[in-house]
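The lines below spell out each chain.
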Amino acid sequence: MAEIRTRISLKIGPNSDIPAEMVSFKDLVSDKEHVALVLGQADTLQKVPLVRIHSECLTGDVFHSSRCDCGEQLDEAIALMAAEGGVIIYLRQEGRGIGLYNKIDAYKLQSEGMNTYQANNHLGFGDDLRDFTEAGQMLEALNIHHLKLLTNNDLKVKALTDYGLRVAEVISTSTFIKEDNVDYLKAKISDAGHKLTLD
């Protein structure tokens with residue numbers, strides 16, 4: 001069973017003015033250094049908190065890449081949780097689990113006409129190698145067993161339910177369309193069944 005390793009208070013967000021607590025863990029299934037960000041009042045975890053499971057995306061989260069919507073989804077989660085409280089589970093599984101360098105190779109293939117899933121397959125990987133078991137472990141360590149999930153991805157709902165957690169409500173993220181990510185968003189809908197609306 002995973003346990004909390006360290007908790008620290010800090011401020012996050014675009015203006016570094018949103019109070020949060022960062023939590024690290026020990027005894028996770030892998031040796032990856034995943035973290036949770038807890039936002040809101042002290043009683044946030046006593047309610048049915050809003051939870052976002054967010055997989056690391058250096059290109060989107062940090063460098064605001066025009067090829068994906070990851071950074072915008074993370075910013076949206078922070079803004080929502082700054083207002084009502086919640087927990088962001090930040091998983092270190094870049095590029096749907098293929099790693100940063102392979103993701104950059106996949107980007108090159110996408111520039112040549114493949115979609116994100118075709119590129120991963122061409123490199124010898126499955127469509128999505130992410131594992132959300134550790135998200136369940138982290139939520140359990142935080143004593144969260146009943147939650148609302150901010151996602152468009154049914155795989156995350158299934159993973160938490162299979163882990164034994166109760167997902168009371170699924171709240172869709174917004175759709176963030178940019179000039180360079182339309183094909184990426186279309187592939188998420190057609191190849192992975194994400195619940196997105198492209199207007």
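In this report, we go over the structure that sits alongside the text. Since the model is a prediction, treat every value here as computed from it, not as a measurement.

### Quick word on helix α7 (residues 154-163)
Okay, step 1: Taken residue by residue, α7 has Lys 156, Val 157 and Leu 160 as its buried positions. Down the axis, α7 shows its buried residues gathered within 100° of arc, on one side only.
Okay, step 2: Downstream of α7 by one or two residues, Gly 164 has phi in the positive range, about 110°.

### Overview of the nonpolar core
Okay, step 1: Core analysis: the largest hydrophobic core is formed by 23 residues, its most contacted members being Ile 53, Ile 89, Leu 147 and Leu 160.
Okay, step 2: Contributions of two or more residues to this core are made by β2 (18-26), β3 (35-39), β4 (50-55), β5 (86-91), α6 (133-141), β6 (146-150) and α7.
Okay, step 3: Counting residues in each nonpolar core, the second largest holds 14 residues, with Ile 12, Ala 20, Leu 37 and Ile 88 among its members.

### Here we look at the sheet that holds β5
Okay, step 1: Here 7 strands make up an open sheet; going across it, the order is β1-β2-β3-β5-β4-β6-β7 and the pairing mixed. Two strands lie at the open edges of the sheet, namely β1 (3-12) and β7 (166-171), each paired on one side alone. Going across the sheet, the axis of each strand differs from the next one's by a mean of 25°, ignoring polarity.
Okay, step 2: Note: β6 against β7, 5 bridges, orientation parallel. Residue pairing across strands places Lys 148 opposite Glu 169, the latter belonging to β7.
Okay, step 3: In the packing of α6 onto the sheet, contacts are made with β1, β2, β3, β4, β5 and β6, and the angle to β5 comes to roughly 140°.

### Quick look at the pairing of β5
Okay, step 1: For β5, the tally of buried residues reaches 6 of 6 residues, placing the bulk of the element in the interior.
Okay, step 2: Side chains Gly 86, Ile 88 and Tyr 90 of β5 all project onto a buried face; the interleaved residues Val 87, Ile 89 and Leu 91 project onto the opposite face, where all are buried too.
Okay, step 3: Taken together, the 5 bridges between β3 and β5 define a ladder with antiparallel strand orientation. Bridge pairing in β5 links Ala 36 to Ile 89.
Okay, step 4: Judged from the 5 bridges that link them, β4 and β5 form a sheet pairing that is parallel. By the bridge assignment, His 54 is partnered in β5 with Tyr 90.

### So, unusual backbone geometry
Okay, step 1: The backbone of His 64 shows a phi angle near 55°, a positive value even though the residue is not glycine.
Okay, step 2: Of note, His 64 is situated in the loop between α1 (58-62) and α2 (70-84).
Okay, step 3: Its identity is not glycine, yet Asn 143 carries a phi of approximately 65°, on the positive side.
Okay, step 4: Summarising the element assignment, Asn 143 is placed in the loop between α6 and β6.
Okay, step 5: On the basis of relative accessibility, which here comes to 54%, the residue Asn 143 falls in the exposed class.

### Section: the pairing of β6
Okay, step 1: In this structure, β4 lies alongside β6, joined through 2 bridges in parallel fashion. Each bridged residue has a counterpart across the sheet, and for Leu 50 the counterpart in β6 is Lys 148.
Okay, step 2: Note on the crossover from β6 through α7 to β7: the handedness is right-handed.

### Observations regarding the side chain of Gln 93
Okay, step 1: By the secondary structure assignment, Gln 93 is in the loop between β5 and α3 (94-97).
Okay, step 2: Relative accessible area serves as the criterion here: at 5%, Gln 93 is assigned to the buried category.
Okay, step 3: With residues near it in sequence (within four places) discarded, Gln 93 still touches Lys 32, Ser 55, Glu 56, Arg 130, Asp 131 and Phe 132.

### Examining the packing of aromatic side chains
Okay, step 1: Inspection of every chain in the model, using the stated rule, returns 0 aromatic pairs.
Okay, step 2: Positioned above the aromatic ring of Tyr 107 is the side chain of Arg 67, whose terminal nitrogen or guanidinium carbon lies 4.9 Å from the ring centre.

### Quick word on the pattern of salt bridges
Okay, step 1: One pass over the full model with this rule turns up 8 salt bridges.
Okay, step 2: Here Glu 21 and Arg 7 are joined by a salt bridge, their closest N and O atoms 3.1 Å apart. With a gap of 14 residues between them, Glu 21 in strand β2 and Arg 7 in strand β1 connect regions that are remote in the sequence.
Okay, step 3: Among the ionic pairs, Asp 162 bridges to Lys 158, the shortest N-O distance being 2.6 Å. Of this pair, Asp 162 and Lys 158 are both found in helix α7, 4 residues apart, which corresponds to roughly one turn of the helix.

Definitions and limits used
Residues numbered from 1 in each chain as written. Predicted model: local features only at pLDDT ≥ 70, side-chain atom pairs only at ≥ 80, totals over all residues. Heavy atoms only, no water. Buried < 20%, exposed > 50% of the residue type's maximum accessible area, 1.4 Å probe, protein only. Helix = DSSP H or I, 4+ residues; strand = E, 2+ residues; numbered from the N terminus. Arc of directions from axis to C-beta. Core = buried A, V, L, I, M, F, W, Y, C linked by side-chain atoms within 4.5 Å. Pairing = 2+ DSSP bridges. Axes fitted to C-alpha atoms, helices over the stretch in contact; angles between N-to-C directions. Contact = heavy atoms within 4.5 Å. Right-handed = clockwise from strand over helix to strand, strands pointing away. Phe/Tyr/Trp six-rings, centres within 6.5 Å; stacked < 30°, edge-to-face > 60°. Lys NZ or Arg CZ within 6 Å of the ring centre and 35° of its normal. Salt bridge = Lys/Arg side-chain N within 4 Å of Asp/Glu carboxyl O.

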